[in-house]
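Residue-level structure breakdown
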Amino acid sequence: QLVRIERIVASREGILEALFERTYTGLTPAARRVFLTLCGWHSVLPQVALEAVLLRSDNERMDVDAAVNELIRSSLVDISTSESDQAPWVSTPLAASIFGRRKLAVSAAKVSVEADIRILHSFGATQPSGIRHGIGPLVEKLFQTAATRIKSSKASHTEYLPILESVARKYPPAWLLLASLHEEVACDVEQAKECVRRFLEAVPKDEQREGWTRLGKLCSFSKDWVGEIHALVELADLPGATIQAISSTANRMNSLFREAQLVLDTDEKEILVRRLIVLMEAHVADADAVDFSRLAWLCLQLRDVERARRWTRRGLEVEPGNIHCQKLATKLGR
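Residues numbered from 1 in each chain as written. Predicted model: local features only at pLDDT ≥ 70, side-chain atom pairs only at ≥ 80, totals over all residues. Heavy atoms only, no water.

The end-to-end C-alpha separation of helix 5 (residues 94-106) is 19 Å, in line with the 18 Å expected for 13 residues at 1.5 Å each. For helix 5, the complete set of buried residues consists of Ala96, Ser97, Phe99, Gly100 and Leu104. Relative to the axis of helix 5, the buried residues are bounded by an arc of 165 degrees and lie together on one face. Within helix 5, the exposed residues directed more than 90 degrees away from the buried face are Leu94 and Val106. (Helix = DSSP H or I, 4+ residues; strand = E, 2+ residues; numbered from the N terminus. Expected span 1.5 Å × (residues − 1). Buried < 20%, exposed > 50% of the residue type's maximum accessible area, 1.4 Å probe, protein only. Arc of directions from axis to C-beta.)

Laid out in structure tokens, this is it:
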């Protein structure tokens with residue numbers, strides 16, 4: 001039968017309100033807290049950001065992932081996935097969000113939720129169209145904001161640390177950002193090195209180049225010579241390493257031995273030298289005379305004179321006038 005449109009709308013709103021109320025009442029405390037936080041935030045949010053903020057030290061421990069799944073099953077939250085990194089993003093449908101804001105306004109958790117949202121502002125807002133770019137830009141903004149606030153004494157290093165570490169555990173490139181924060185803001189090189197190692201643990205070998213490069217520089221800065229050489233040897237052992245890169249590592253190792261910064265007094269150091277020799281020998285087809293001289297010097301570190309002579313001769317065959325190979329030939333008595 002014909003009825004006034006206002007009655008249909010009113011009836012539908014009443015049913016929807018009752019449905020939301022019943023669903024909300026049945027939520028676990030963790031799911032309620034996550035729902036209220038999302039309702040107080042007015043754009044899509046990467047789940048990693050939500051977890052980082054809700055798991056900070058001032059909040060009670062909760063299983064954020066389980067809470068989000070509960071909200072998805074209850075149709076109170078929508079989930080999207082970014083194309084670039086497959087990271088999950090969460091948001092609340094409009095009707096659910098309006099209902100949730102009314103609940104938030106009178107909730108005892110309002111102050112805590114507002115504190116969480118204040119930190120979420122460090123990530124910045126994202127429109128649904130921005131999901132395709134992944135979480136990288138938001139994570140970079142978070143670290144930039146943290147560095148700025150810490151430098152200006154508006155926040156402490158320890159205030160942001162649990163949040164930043166939580167993000168890094170889910171998004172490994174953030175470990176390198178955290179390493180920079182430790183190095184440049186907190187002046188803590190050892191913690192920076194540990195963050196780089198956490199990055200290396202979390203990514204496959206073909207993505208480790210930047211990590212080993214950073215670790216080598218940090219170890220050199222802190223005069224951790226064994227750590228530096230270990231990083232350089234690992235870098236030389238990555239897929240696609242060139243003879244130039246491997247030879248450069250050999251040159252650095254030989255220099256440290258020559259300057260007595262390194263002494264071949266442990267099995268660990270001997271293993272590093274042997275690994276580097278094997279790596280160089282695998283690329284001798286592309287080596288020049290200088291590369292052969294560096295390889296010969298590595299062999300001398302192990303007192304392998306015959307092997308050193310062999311590579312010195314190869315260097316002189318490639319370039320008879322090479323001064324480095326000539327000095328080695330004289331030292332070795334040809």
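Here we come to the side chain of Lys193. Residue position: Lys193 is located in helix 10 (residues 189-202). Under the relative-accessibility criterion, Lys193 is labelled buried at 2%. If near-sequence neighbours (up to four positions away) are discounted, Lys193 is found in contact with Leu215, Leu218, Cys219, Ser222 and Asp224. (Contact = heavy atoms within 4.5 Å.)

Right, let's talk about empty space enclosed by the protein for a bit. Gaps between atoms show up when a probe of the same size as a water molecule is rolled over them. Inspection of the entire model under this criterion finds 1 cavity of 30 Å³ or more. The space that makes up the largest cavity amounts to roughly 50 Å³. The leading source of residues in the lining of the largest cavity is helix 14 (residues 267-281), at 3 residues. Considered class by class, the residues forming the lining of the largest cavity number 7 nonpolar, no polar and 1 charged. (1 Å grid on protein atoms, 1.4 Å probe; cavity = no way out; pocket = protein on both sides within 12 Å on 5 of 7 lines; lining within 4 Å. Points joined across faces, edges and corners; volume = space filled by probe spheres on them. Nonpolar A, V, L, I, M, F, W, Y, C, P; charged D, E, K, R; others polar.)

Moving on to the sheet that holds strand 3 (residues 88-91). If you trace the 3 strands from one edge of the open sheet to the other, you get 1-3-2, paired in antiparallel fashion. Looking along the sheet, the strands with just one partner apiece sit at the ends: strand 1 (45-46) and strand 2 (78-81). With 4 bridges joining them, strand 2 and strand 3 adopt antiparallel strand pairing. When the bridges of strand 3 are listed, Ser80 appears paired with Trp89. (Pairing = 2+ DSSP bridges.)

This part takes up unusual backbone geometry. Phi at Ser75 is positive, roughly 60 degrees, even though this residue is not glycine. One can find Ser75 in the loop between helix 4 (64-73) and strand 2. Owing to a relative accessible area of 53%, Ser75 belongs among the exposed residues under this scheme. The phi dihedral of Gln86 is positive, around 60 degrees, even though this residue is not glycine. With respect to the secondary-structure elements, Gln86 resides in the loop between strand 2 and strand 3. Residue class for Gln86 comes out exposed when judged on its relative accessible area of 55%.

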